[in-house]
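Residue-level structural notes
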Amino acid sequence: MRVWYFSEMAYHPAWDEGLKRGSLRVIYPNGQVDPQMAHKLLNRYLDEFAYCDEAGLDIMVNEHHATATCMTVSVPMALAIIARETKTARLLSLGNPIANRPDPVRVAEEMAWLDVLSGGRLEMGLVKGAPYEIHPANSNPARLMRRYWEAHDLILKALSTTDGPFSWEGEYFQYRAVNIWPRPIQQPTPPVWMTGLSVDSGIAAAERGHVIGTLLSGSVAKPMFDAYRKRAAELGRHATPDRFAYAACIGVGQTREEGLRRAHLIADYVRPAPVVHEPFTNPPGYNSINANVGMLKAGPAGKAFVKDRKGNAVDHRTATVEQFMETDTVFAGTPDDVYEQIKSFHDRIGGFGHLLFFGQGGHIDHKDTMDNIRLFAREVMPRLKDLSADEARRTAAE
């Protein structure tokens with residue numbers, strides 16, 4: 001199992017006021033940001049990313065917009081800095097919200113440039129993006145997925161074409177001459193990742209052979225991964241564990257109490273992150289018909305951010321660490337505790353080959369974050385590598 005550390009590089013000093021106003025996204029004025037404090041926080045977060053390279057962890061970066069929950073407004077910008085400060089870590093962009101980007105060829109150029117800068121260490125996430133960001137991106141949610149798939153196909157063609165230029169005349173994008181320089185080191189393209197929360201996403205990723213990841217979603221992971229495995233088998237392929245990724249908040253301590261305390265602080269990210277005014281949560285056409293039908297059938301529970309293993313809705317705004325642990329969105333305790341929790345979840349959902357380690361979030365400070373990374377890398381990660389190897393051997397024998 002590969003482990004990817006990530007942090008959304010949040011501006012948590014503004015959260016209390018945002019919660020009072022009922023939204024930390026879209027309409028929350030940026031006058032709540034102290035740029036000097038943001039300067040300190042961004043550099044602190046980048047120091048933590050750089051340390052991961054020394055600790056043997058891979059690195060993941062994502063982006064969000066118009067929100068106090070994430071100051072990473074550009075994956076390529078953040079990864080360019082991290083690429084220069086690291087030597088061996090794989091660098092995962094998860095990712096570029098390509099349906100909201102006006103110029104897919106520019107995305108292809110940025111990804112190729114990062115792959116070259118990093119010496120071929122890039123993993124490329126092409127994602128749909130959060131529903132909250134449809135409004136600030138001035139996108140049409142009803143056409144989002146058609147635009148997404150056209151951008152996806154154009155980016156992969158731009159990265160893999162070496163005898164160009166070629167023209168592109170699509171529904172949403174038109175180019176007379178596509179011919180990116182430089183081309184990526186990894187050919188035909190860097191590995192491609194998607195994110196998802198549904199069976200439909202699992203099927204779409206399986207049809208293209210992409211890695212599918214899901215973040216802080218607990219019970220959602222299994223049906224999506226199972227749909228991927230089934231569709232891959234229908235196409236005559238075996239879905240190995242390295243096609244699946246799962247993200248969770250993780251707090252590790254020398255004692256169980258210390259691990260739970262760290263996890264509580266990190267989970268402070270999960271509690272306010274989805275707090276946004278209702279009109280921005282499900283723009284018409286953003287979710288598939290099947291997804292909307294499922295939410296309607298579920299009633300009020302369908303709006304819950306997470307559910308526990310018995311299917312009970314858990315209020316993410318007030319959940320304790322123990323409640324989050326019951327939803328498998330948080331793993332916490334001593335190194336032994338954390339390993340056993342990850343192993344149990346891994347076995348229950350049929351295995352996965354990538355763990356996205358949300359090791360900083362909420363109000364956890366720099367010292368605790370560094371200790372959390374260090375202890376996880378030294379005491380938990382080596383055993384996870386064995387777990388992944390065991391799963392790979394088992395599935396190969398089936």
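Before reading further, recall that the structure is shown in the block above.
Read on for an overview of the structure. (Residues numbered from 1 in each chain as written. Predicted model: local features only at pLDDT ≥ 70, side-chain atom pairs only at ≥ 80, totals over all residues. Heavy atoms only, no water.)

**Details of the packing of helix α4 (residues 104-117) against helix α6 (residues 144-160)**
- Running from amino to carboxyl end, α4 crosses α6 at an angle of 45 degrees, the nearest separation of the two axes being 9 Å. The pairing of α4 with α6 is recorded here as oblique in orientation. For the pair α4 and α6, the sense of crossing is right-handed. Across from Pro104, Val105, Val107, Ala108 and Ala112 in α4, the residues of α6 making contact are Ala151, Leu154, Ile155, Ala158 and Leu159.
- Classifying every residue of the contact of α4 with α6 gives 10 nonpolar, no polar and no charged. (Axes fitted to C-alpha atoms, helices over the stretch in contact; angles between N-to-C directions. Helix = DSSP H or I, 4+ residues; strand = E, 2+ residues; numbered from the N terminus. Parallel < 35°, antiparallel > 145°, perpendicular 65-115°, else oblique. Left-handed = near helix turned anticlockwise from the far one by under 90°. Contact = heavy atoms within 4.5 Å. Nonpolar A, V, L, I, M, F, W, Y, C, P; charged D, E, K, R; others polar.)

**Here's the deal with the pairing of strand β9 (residues 244-252)**
- Judged by how many residues are buried, β9 sits mostly within the fold: 9 of 9 residues are covered.
- As paired strands, strand β8 (residues 211-215) and β9 are joined by 4 bridges and run parallel to one another. Looking across to β9, one finds that threonine 214 is bridged to tyrosine 246.
- Both β9 and strand β13 (residues 354-358) contribute to a ladder of 5 bridges, which runs parallel. (Buried < 20%, exposed > 50% of the residue type's maximum accessible area, 1.4 Å probe, protein only. Pairing = 2+ DSSP bridges.)

**Observations concerning the pattern of salt bridges**
- What the rule picks out here adds up to 29 salt bridges.
- Here arginine 44 makes a salt bridge to glutamate 48, at a shortest N to O gap of 2.6 Å. One end of the pair is arginine 44 and the other is glutamate 48, both in helix α2 (residues 35-55) and 4 residues apart, which spans about a single turn.
- Residue classification places arginine 44 among the buried positions, given a relative accessible area of 14%.
- Here arginine 317 makes a salt bridge to aspartate 315, at a shortest N to O gap of 3.0 Å.
- One salt-bridge network, in which partners are shared between bridges, spans Glu258, Arg261, Arg262, Lys367, Asp368, Asp371 and Arg374. (Salt bridge = Lys/Arg side-chain N within 4 Å of Asp/Glu carboxyl O.)

**Remarks on the nonpolar core**
- Core analysis: the biggest nonpolar cluster contains 126 residues, and Leu57, Ile342, Phe352, Leu356, Phe376 and Leu384 have the highest contact counts within it.
- Ala130, Tyr132, Val276 and Phe280 belong to the second-largest nonpolar core, a separate cluster that totals 5 residues. (Core = buried A, V, L, I, M, F, W, Y, C linked by side-chain atoms within 4.5 Å.)

**Brief notes about the side chain of arginine 271**
- Within the fold, arginine 271 resides in the loop between α9 (256-267) and α10 (289-298).
- For arginine 271, a relative accessible area of 9% corresponds to the buried category.
- Only 2.7 Å separates the side chain of arginine 271 from the side chain of aspartate 268, close enough to count as a polar contact.
- Once residues within four sequence positions are removed from consideration, arginine 271 is found in contact with His264, His316, Arg317, Ala319, Thr320, Val321 and Phe324. (Polar contact = N/O pair within 3.5 Å; in protein donor to acceptor, adjacent residues only side chain to side chain.)

**Remarks on the pairing of strand β7 (residues 192-195)**
- Strand direction decides the pairing type here: strand β4 (residues 122-127) and β7, joined by 2 bridges, are parallel. Note that in β7 the partner of methionine 124 across the bridge is valine 192.
- Alignment of β7 against β8, held across 3 bridges, turns out to be parallel. Residue pairing across strands places methionine 194 opposite isoleucine 212, the latter belonging to β8.
- With helix α7 (residues 199-208) bridging β7 and its parallel neighbour β8, the resulting β-α-β unit is right-handed. (Right-handed = clockwise from strand over helix to strand, strands pointing away.)

**Some remarks on α7**
- For α7, the set of buried residues is Ser201, Gly202, Ala204, Ala205 and Ala206.
- Considering only its buried residues, α7 is in contact with α6, β7, β8 and α8 (221-234).
- Glycine 209, located one to two residues past α7, shows a positive phi value of around 75 degrees.

**Some remarks on the layout of surface pockets**
- Considering only enclosed or pocket space, the second largest pocket measures out at about 220 Å³ in volume.
- Lining the second largest pocket are 16 residues, and of these Asn30, Val33, Ala66, Thr67 and Ala68 sit closest to its centre.
- Residues of the lining of the second largest pocket, tallied by class, amount to 11 nonpolar, 5 polar and no charged. (1 Å grid on protein atoms, 1.4 Å probe; cavity = no way out; pocket = protein on both sides within 12 Å on 5 of 7 lines; lining within 4 Å. Points joined across faces, edges and corners; volume = space filled by probe spheres on them.)

**Observations regarding unusual backbone geometry**
- For the peptide bond that leads from leucine 94 to glycine 95, omega is -10 degrees, which places it in the cis range.
- Phi is positive for methionine 9, close to 50 degrees, though the residue is something other than glycine.
- With respect to the helices and strands, the residue methionine 9 is situated in the loop between β1 (2-6) and α1 (15-21).
- Under the relative-accessibility criterion, methionine 9 is labelled buried at 3%.
- One non-glycine residue with positive phi stands out, namely alanine 66, at about 55 degrees.
- Among the structural elements, alanine 66 can be located in the loop between β2 (58-61) and α3 (75-85).

Interpretation note: all reported values are geometric properties and have no functional meaning in isolation.
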